[in-house]
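# Descriptive structure summary
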Amino acid sequence: MLSRKNKLLVMKIISLFSVVRGYNIPVIVLAQYLSAIFILAPENTRALDVILDINLFILVLVSSFCIASGYIINNFYDAQKDLINRPNKSMLDRLVSQKTKLYVYFGLNFLAVFLAYFVSWRVSIFYSAYIFLIWFYSHKLKKYAIVGNLTASLLAIFPFFGILLYFFKGQYYEYDWQKIGIIFGHASFLFLLILIREMVKDLENMKGDFVSDYKTIPVVYGESVSKKIITALTILTIIPVYVLVDIYEVGYMVIYFYFCLMTLIFFLLKLWKSNTRNEFLKLHNLLKFIIVAGVFCIVLIEPAVLWHGKKILLAINFC
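Because the structure is predicted, anything quoted here is derived from the model rather than measured.

Procedures and definitions
Residues numbered from 1 in each chain as written. Predicted model: local features only at pLDDT ≥ 70, side-chain atom pairs only at ≥ 80, totals over all residues. Heavy atoms only, no water. Helix = DSSP H or I, 4+ residues; strand = E, 2+ residues; numbered from the N terminus. Rg over C-alpha atoms; globule rule 2.2 N^0.38 Å. Buried < 20%, exposed > 50% of the residue type's maximum accessible area, 1.4 Å probe, protein only. Contact = heavy atoms within 4.5 Å. Areas by Shrake-Rupley, 256 points an atom, 1.4 Å probe, with all protein chains shown as cover. Lys, Arg positive; Asp, Glu negative; His and termini not counted. Charge placed at Lys NZ, Arg CZ, Asp CG, Glu CD. Patch = residues over 30% accessible without salt bridge, like charges linked within 9 Å, V, L, I, M, F, W, Y side chains within 5 Å. Salt bridge = Lys/Arg side-chain N within 4 Å of Asp/Glu carboxyl O. Phe/Tyr/Trp six-rings, centres within 6.5 Å; stacked < 30°, edge-to-face > 60°.

### Quick word on the overall build of the protein
Assigned secondary structure in the protein consists of 17 helices and 0 strands. Its C-alpha radius of gyration of 21 Å places the protein within 12% of the 20 Å reference for a compact globule of 319 residues. Dimensions of the protein, computed from C-alpha atoms along their principal axes, come out at roughly 60 × 50 × 40 Å. Relative to its full complement of 319 residues, the protein shows a buried share of 46%. Considering only contacts in the protein between residues 6 or more positions apart, those separated by 24 or more positions represent 78%. When the accessible surface of the protein is split by element, carbon and sulfur atoms take 70% of a total near 17,400 Å². One way to put it: in the protein the 31 positive side-chain charges average out to a point 12 Å from where the 18 negative ones average out.

### What about a nonpolar patch on the surface?
The grouping of L83, I84, M91, F210 and V211 at the surface amounts to a nonpolar patch, some 480 Å² of accessible area in total. Of all the secondary-structure elements, those providing two or more residues to the nonpolar patch are α5 (79–85) and α11 (206–211). As for its position among the elements, L83 is in helix α5.

### Brief notes about the environment of Y258
For Y258, the position within the fold is in helix α15 (residues 254–271). Sequence separation of Y258 and F57 is 201 residues, and the distance between their C-alpha atoms is 33 Å.

### Brief notes about the packing of aromatic side chains
Here the structure, examined in full by the defined rule, presents 16 aromatic pairs. With centroids separated by 6.5 Å and ring planes inclined at 70°, the aromatic side chains of Y127 and Y130 adopt a geometry described as edge-to-face. With a gap of 3 residues between them, Y127 and Y130 both fall in helix α8 (residues 121–139), about one helical turn apart. Like Y130, Y127 is buried.

Right under this line is the structure:
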C-alpha cells in the first residue's frame, strides 16, 4: 500500500498530467510524424529515414514542450473560468499549486528554446515567437470575439509550419506545386475544423465566459449569431475537400473526406437543435473525433509505405 505522502505525490502527477493535457500530446506527435512521412517529405524518401531524422525528432519534441507549456499558461489564466465550466477537472488541476505550474511552464519553455538551437538559431527564434504568441493569446487575445478564435486555430497548426519550413529549407523550387497544393489544402481543412471547434467551445463555456468577462461571440452577439457563423464555416470546409479530392491526389484518404462531409451535415443538424452545455459538449467531442481520426487516416494517402516498412522489418528480423 502507498503511504499518504506517496498517494499525494501520485495525485499531483496525475494533476499535472491533466494540466498539460498529456493525453493530447501523443496524438500531436503522431500527427507531426505522419504529416512528415506522407505529406511533407520529398518524393521517394523512405519513411524510416524520416523517423530516424534527429533534427525532425528535436522539432517534434520542442513543439510538444511548447504545446504542454501552452496548456499550463492557459490553465493559469483560466483558473476562475474553469471553476464554473469544468468544476471536476478544475479541482483536480488545483492539486498542483500555481507556483509549481509556473516553474514547469518556464522550465519547458527554456528546454524548448535550448533544444531548438541545436537545429539552428532560426528554429530557436521561430519557437520563441511561438511561445510568446501562446502567452499573449492566453493573457489577452482569447478574451476577445473572433480574434481569440482565429488566433487559437492558427496556434494549433503552428507546429506543422515549423516542420514544413524544415522540409522546404527555403528551396521552394525543389517542390512541385501539386505537393504545395496538397499541403495547404490539408492545412486549410484542419484550420477550419479547429476554428469551428473553438466556436463550439465558446457556446459550451458561455456561462463561465460571461462571469469572467470574456468577450466571446456568444457572449457579445448571442447564441444564434454564433450558430450562423459556425454553419458558414462548416459549409466552407467543402472548398478544401473539393480541392483535395477532385484536383489533387490523396489516395484512399478520399474515404475520410467523404466521411467528414456526411458527419458535418449531421453536426449542423444537431447544432441548431442544441441549447444546453451538455449538448454543445457532445458536438465538441464529435469535432475532436473527426480531427483525431484525420490524424490516423493520413496513412491512407499512401498505404504502400506501411507495407514497405513491414517488409524491411521482416527482412531485418530474418537476418
